[in-house]
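# Fold and geometry: a report
Chain residues, written in single-letter form:
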Amino acid sequence: MLTILAVSTSLGMAETGDPIIIKPVDGDMTPVINQLLEETETKDIHLVFEKGIYRFMPDYATGKYLDITNHGNGYKRIIFNFSTFRSVTIEGNGAEFIFHGQAMPFLFEACERISISDLVIDWDIPFTFLGEVIAVNEKEGWRDIKPFRDGFSWKIRNGKLEFPDIDGFSYTYPGSTLAFDPAAKRPVHGAWDVHSHPRWVEKLPNGNLRFHEFLKHYPPVGALLSSKGDREHDRYAPAFDFKTSSNIELDGVIIHHALGMGFLFERSEDIRLINSGVYLREGTNRVISSTADATHFCNCRGAIVIENCRFENMLDDGTNVHGTYVEVDEVLDQHTLRTRLMHFEQRGFQFAAPGDAVWFIRQPSPQRADTAVVRNVKYINDTFMDISFETPLPSGLQPGDILENKTWNPEFTMRGCTIRNHRARNVVLKTPLKTIIENNRFSSMMSTIFFRGETFFWFESGAVDDVLIQNNSFDYCAYSGSEHAVLNITPRLGKSFDPSIRYDRNIRFVNNTIRTFGNRIVMADRVDGLTVKDNTIVKTDGMPELYPGTPLIELTNCQNTVISGNRYEGDCKTAIQADEQSNRTLSVGRNKGFK
């Protein structure tokens, strides 16, 4: 075994593949890690960290241009760059890694086996601004904020708020802003996302800040207002990015802050995330953990399991599992298409590789149709690629049609997790393979379980075919100002696609317990085979309804829906509202308390 004490330590023995023991040293640990990774000759690395606090600065981090899905592409400073290793094992033993400034903690590329355990990730100063709302004047268009100073970094310059003011980087206006309840540390009841860009920010004699800005939705006095900057720069990098890697297990890995997503998996396979989390440190004055999703899976395959994890206070979803649609730009010949990545945060993403099977989806139907196997992919730039196939293209393909990767879709299981106190949805699902969501505890600002394949804007595929949601507890859900539901199935298809064709299939929502203030339990659009069965729904007191008079279950253009054995306690006037198409094959029976 080796003990790493300083940058000058010889690492020649690392080629044996024995565990390397690392102790914390005073100051910046980045050069120590740089030397260790550079001088390790084996393709299999095993790091053992002694318990303690390790601090990492970006100054001497390795640099690399990266395309990172759902983040800002660009040149990143990476602390742990495992791009040259076949297998990586990290034993944290409760070690705390504290990062500073714009840094990307972990990058894994083309690794065949990864095991990480018992590690805590945090930043010394978060990349957010936080203040208490002291006063609001909607008529004159201003709000007074008492800013948090302890643990935060910001300044007022030329009438603008700049934060976090670290190492020469700052956001120049608040940008994405959300109001939080100071006691519960969750978005306020009826909260709206605000894009804040004040005309000017005035520093008052008492030290408070006056934001001169007309807003459609003003935050309530007493709320904590948190901002994370402009959309072009507020997702620097995830804490962990796994690219084209496999056999990944994370056990006991905790993230208290990240400059983007917590855990991102891109075109990777067989992933197990257990006993881990993205949430605030105990006793902190912060309200934000990661500035984007806790977990995100893009074009992965194999088995994905998330078990006994805790995700709280993120500024986006608990998890999002999806593929990627690309659009046909031009038919080049009988075997070749020129295709286009459509969203600016998908630029450079590897949509397909030789040997992958691809679905062709032709207007006006959004359904998967013919398939073909990829022979070659030629990248023109980060937006366009030419894809040739082993067999001739289906007839009738034209610009505007879309492709979906059939090979890279995962089976997904989430079990025994807690997701709450954050912006957006708890779980977003878009995989056609077997999906199980069971024995979890959910509380959501927006929809709790959300199905939305999109053939425009995000271009996230795709339709689900086999989903079981059972034995979960839903407590205080869909409390955003915009209208949502506990279970929300709502594909977003481009104008050229037929809005009447069913999209998602075979979703079973059974034996769950829902306790919430409103009536919006299920909203389903274009589903074939939805079962809502044996659920207990209790309408709670304490919070005002945001959309009174709405039905418990609303069906639009659905087919083969079963609603049975459910029990409702509350005063909802309409239990089920279904359009003509949905009514034709709707089966309802043995529900108690329904009107």
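Up top you'll find the structure we're talking about.
Residues numbered from 1 in each chain as written. Predicted model: local features only at pLDDT ≥ 70, side-chain atom pairs only at ≥ 80, totals over all residues. Heavy atoms only, no water.

### Here's the deal with the pattern of salt bridges
We count it as follows: One side-chain nitrogen of Lys or Arg within 4 Å of one carboxyl oxygen of Asp or Glu is enough to make a salt bridge. Only DSSP runs of H or I covering at least 4 residues are called helices, and only runs of E covering at least 2 are called strands; the numbering of each starts at the N terminus. To sort residues, take the accessible area from a 1.4 Å probe on protein chains only and compare it with the maximum for the residue type: under 20% means buried, over 50% means exposed, and anything in between is partly exposed.
Within the structure shown, the criterion is met by 40 salt bridges. The shortest N-O distance in the salt bridge between D165 and K155 comes to 3.6 Å. Placement of D165 in strand 13 (residues 160-166) and of K155 in strand 12 (residues 155-157) is noted, with a sequence separation of ten residues between them. The partner of E554 in a salt bridge is R520, with the nearest N and O atoms 2.5 Å apart. Residue E554 is found in strand 50 (residues 553-556), and its partner R520 is found in the loop between strand 46 (513-516) and strand 47 (522-525); the two are separated by 34 residues along the sequence. Judged by relative accessible area, which is 18%, E554 ranks as buried. Owing to a relative accessible area of 11%, R520 belongs among the buried residues under this scheme.

### Topic: the nonpolar core
In globular proteins that are soluble, nonpolar side chains generally tend to be buried together. So the rule is basically this: Put simply, buried Ala, Val, Leu, Ile, Met, Phe, Trp, Tyr and Cys residues joined by side-chain atoms within 4.5 Å make one nonpolar core. Contacts are assigned to residue pairs that have any heavy atoms within 4.5 Å of one another.
Counting residues in hydrophobic clusters, the biggest one holds 133 residues, and the most contacted among them are F82, F97 and F240. When residues no more than four places from it in sequence are discounted, the contact partners of F240 are F106, F108, I116, I121, V253, I255, G262, F263 and L264. In terms of nonpolar packing, the next biggest core, distinct from the first, is built from 19 residues, C298, V326, V377 and M385 among them.

### A few points about the pairing of strand 26 (residues 295-298)
What counts here: Note: two strands are recorded as paired if DSSP finds a minimum of 2 bridges between them.
Across the two faces of strand 26 the burial is the same, with T295 and F297 and H296 and C298 all buried. Sheet analysis places strand 26 next to strand 29 (residues 319-331), joined by four bridges and oriented parallel. Residue pairing in the sheet places C298 in a bridge with H322 of strand 29.

### Focus on the packing of aromatic side chains
What counts, and what does not: Only Phe, Tyr and Trp rings take part, Trp by its six-membered ring, and two of them pair if their centres are within 6.5 Å. Stacked means planes under 30 degrees apart, edge-to-face means over 60, and tilted covers everything else. Only Lys NZ and Arg CZ are tested; either one counts as a charge over a ring when it is within 6 Å of the ring centre and within 35 degrees of the ring normal.
Taken as a whole and assessed by the stated rule, the structure comprises 36 aromatic pairs. Between F80 and F106, the aromatic rings sit 4.6 Å apart at their centres with planes inclined by 15°, giving stacked as the arrangement. Placement of the pair is F80 in strand 6 (residues 74-81) and F106 in strand 8 (residues 104-109), with a sequence separation of 26 residues. In this structure, F80 and F106 share a single accessibility class: buried. Ring plane angle 15° and centroid distance 6.4 Å describe the contact between F97 and F106, whose orientation is recorded as stacked. By relative accessible area, F106 is classed as buried at 0%. Seen from the ring of Y279, R310 lies directly overhead, with NZ or CZ sitting 3.8 Å from the centre.

### Comments concerning the sheet that holds strand 14 (residues 169-171)
For the record, the criterion: Here the axes come from fitting lines to C-alpha atoms, over the contacting stretch only for helices, and the angles between their N-to-C directions go from 0 to 180 degrees.
Overall, antiparallel pairing links the three strands, which are arranged 12-13-14 in an open sheet. Edge strands, defined here as strands with exactly one partner in the open sheet, are strand 12 and strand 14. Pairwise comparison of adjacent strand axes, ignoring direction, gives a mean angle of 40° for this sheet. Here three bridges tie strand 12 to strand 13, and the two strands are oriented antiparallel to one another. Paired with I156 across the two strands is L161, which belongs to strand 13.

### Section: empty space enclosed by the protein
To be explicit about the condition: A cavity here means a set of points on a 1 Å grid, drawn over the protein atoms and nothing else, where a 1.4 Å probe fits but cannot get out; a pocket is an open set with protein on both sides within 12 Å along at least five of seven lines, and a residue lines either one if it has an atom within 4 Å of a point. Grid points are joined across faces, edges and corners, and a volume is the space filled by probe spheres set on the points. Nonpolar residues are Ala, Val, Leu, Ile, Met, Phe, Trp, Tyr, Cys and Pro. Charged residues are Asp, Glu, Lys and Arg, and all others, Gly as well, are polar.
Counting across every chain of the model gives two cavities of 30 Å³ or more. There is about 130 Å³ of room inside the largest cavity. Taken together, 16 residues make up the lining of the largest cavity; nearest its centre are A478, F517, G518, R520 and Y547. Among the residues forming the lining of the largest cavity, the class breakdown is six nonpolar, seven polar and three charged. Every residue lining the second largest cavity is listed: F129, R143, I145, P174, T177, F211, L225 and S227. Elements represented by at least two residues in the lining of the second largest cavity include exactly strand 11 (142-147) and strand 20 (224-227). Taken together, the residues that form the lining of the second largest cavity break down as five nonpolar, two polar and one charged.

### Here we look at unusual backbone geometry
With omega at 0°, the peptide bond leading from F163 into P164 counts as cis. As for its placement among the helices and strands, P164 is situated in strand 13. Going from Q363 to P364, the amide bond is cis rather than trans, its omega being 5°. With respect to the helices and strands, P364 occurs in the loop between strand 31 (357-361) and strand 32 (371-379). A positive phi angle, near 55°, is found at K185, a position not held by glycine. Relative to the elements of secondary structure, K185 occurs in the loop between strand 15 (175-181) and strand 16 (186-187). Here the phi dihedral of N471 falls at roughly 60°; this positive angle occurs in a residue that is not glycine. Looking at where N471 falls in the secondary structure, it is placed in the loop between strand 42 (467-470) and strand 43 (473-475). We classify N471 as partly exposed; its relative accessible area is 32%.

### So, helix 1 (residues 30-39)
Burial within helix 1 is extensive, with seven of its ten residues counted as buried. Burial in helix 1 covers these residues: T30, V32, I33, N34, Q35, L36 and L37.

### Section: the side chain of H46
Note the following rule: Between N or O atoms, a polar contact is any pair within 3.5 Å; within protein, one atom must be a potential hydrogen donor and the other a potential acceptor, and residues adjacent in sequence are included only when both atoms are from side chains.
Positionally, H46 belongs in strand 3 (residues 44-49). In this structure the side chain of H46 is engaged in a polar contact, spanning 2.5 Å, whose partner is the side chain of E91. Among residues more than four places away in sequence, those in contact with H46 are D18, P19, I20, T89 and E91.

### Remarks on the environment of A578
Topologically, A578 is positioned in strand 53 (residues 576-578). The spacing of A578 and A524 is 54 residues in sequence and 9.7 Å in space, taken between C-alpha atoms. Those residues in contact with A578, other than ones at most four positions away along the chain, are L555, N583 and L586.

### Some details on the pairing of strand 30 (residues 336-340)
Relative to strand 30, strand 29 runs antiparallel, the two being bridged by four bridges. Counted as the bridge partner of V331 is L337 from strand 30. The hairpin turn running from strand 29 into strand 30, its antiparallel successor, is four residues long. One ladder, built from five bridges, connects strand 30 with strand 33 (residues 384-389); its direction is antiparallel. In the sheet register, R340 faces strand 33, and the bridge partner there is F384.

### Here's the deal with the side chain of H256
Position of H256 among the secondary structure elements: in the loop between strand 22 (246-255) and strand 23 (263-266). Note on H256: relative accessible area 9%, which makes it buried. For H256, the side chain forms a polar contact with the main-chain oxygen of Y279, separated by 2.7 Å. Within polar-contact distance, the side chain of H256 engages the backbone nitrogen of R281 at 3.4 Å. Ignoring any residue separated from it by four or fewer positions in sequence, one finds H256 in contact with V120, I121, D122, Y279, L280, R281, I288 and S289.

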